[in-house]
Amino acid sequence: MANIKSAKKRIMVNRTRAERNKAIKSGVKTAMKKVFAAIEAGDKALATAELAAATKAIEMAASKGVYHKNNVARKVSRLSKAVNEMA
């Protein structure tokens with residue numbers, strides 16, 4: 001355990017940020033799963049709605065610094081492509 005006050009603060013701040021990042025990443029994964037579930041069900045309208053929600057969640061995560069911008073672009077692209085390829 002750290003003895004220096006600033007080191008103790010770093011530990012607390014890092015723990016807080018890790019928990020926040022974990023929650024945000026979990027929300028993004030859930031949103032992506034909802035899109036893929038709608039695609040599996042064959043519901044294009046629902047998939048499109050879920051895509052919009054997932055895109056917003058992913059881009060919000062990027063604005064918070066949880067994901068790199070290229071990672072965000074890749075995730076959104078894959079989701080969009082999957083929805084657009086629906087019959």
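Here we summarise the structure given alongside this text. As the structure is a computational prediction, the values presented were derived from the model and not from experiment. (Residues numbered from 1 in each chain as written. Predicted model: local features only at pLDDT ≥ 70, side-chain atom pairs only at ≥ 80, totals over all residues. Heavy atoms only, no water.)

Observations regarding the packing of aromatic side chains
1) Next: Going through the model one piece at a time under the given rule, you end up with zero aromatic pairs.
2) Next: Over the face of the ring belonging to Tyr67 we find Lys75, whose NZ or CZ atom lies 5.0 Å from the ring centre. (Phe/Tyr/Trp six-rings, centres within 6.5 Å; stacked < 30°, edge-to-face > 60°. Lys NZ or Arg CZ within 6 Å of the ring centre and 35° of its normal.)

Structural notes on the packing of helix 2 (residues 44-63) against helix 3 (residues 69-84)
1) Next: The geometry of helix 2 relative to helix 3 is characterised by a closest axis approach of 10 Å and an angle of 175° between their N-to-C directions. Comparing the axis directions of helix 2 and helix 3 gives the class roughly antiparallel. Each of Lys44, Ala47, Thr48, Leu51, Ala54, Thr55, Ile58, Glu59 and Ala62 in helix 2 lies in contact with helix 3, whose residues at this interface are Val72, Lys75, Val76, Leu79, Ser80, Val83 and Asn84.
2) Next: The residue inventory of the contact of helix 2 with helix 3, partitioned by class, reads nine nonpolar, four polar and three charged. (Axes fitted to C-alpha atoms, helices over the stretch in contact; angles between N-to-C directions. Helix = DSSP H or I, 4+ residues; strand = E, 2+ residues; numbered from the N terminus. Parallel < 35°, antiparallel > 145°, perpendicular 65-115°, else oblique. Contact = heavy atoms within 4.5 Å. Nonpolar A, V, L, I, M, F, W, Y, C, P; charged D, E, K, R; others polar.)

By themselves these figures say nothing about function.
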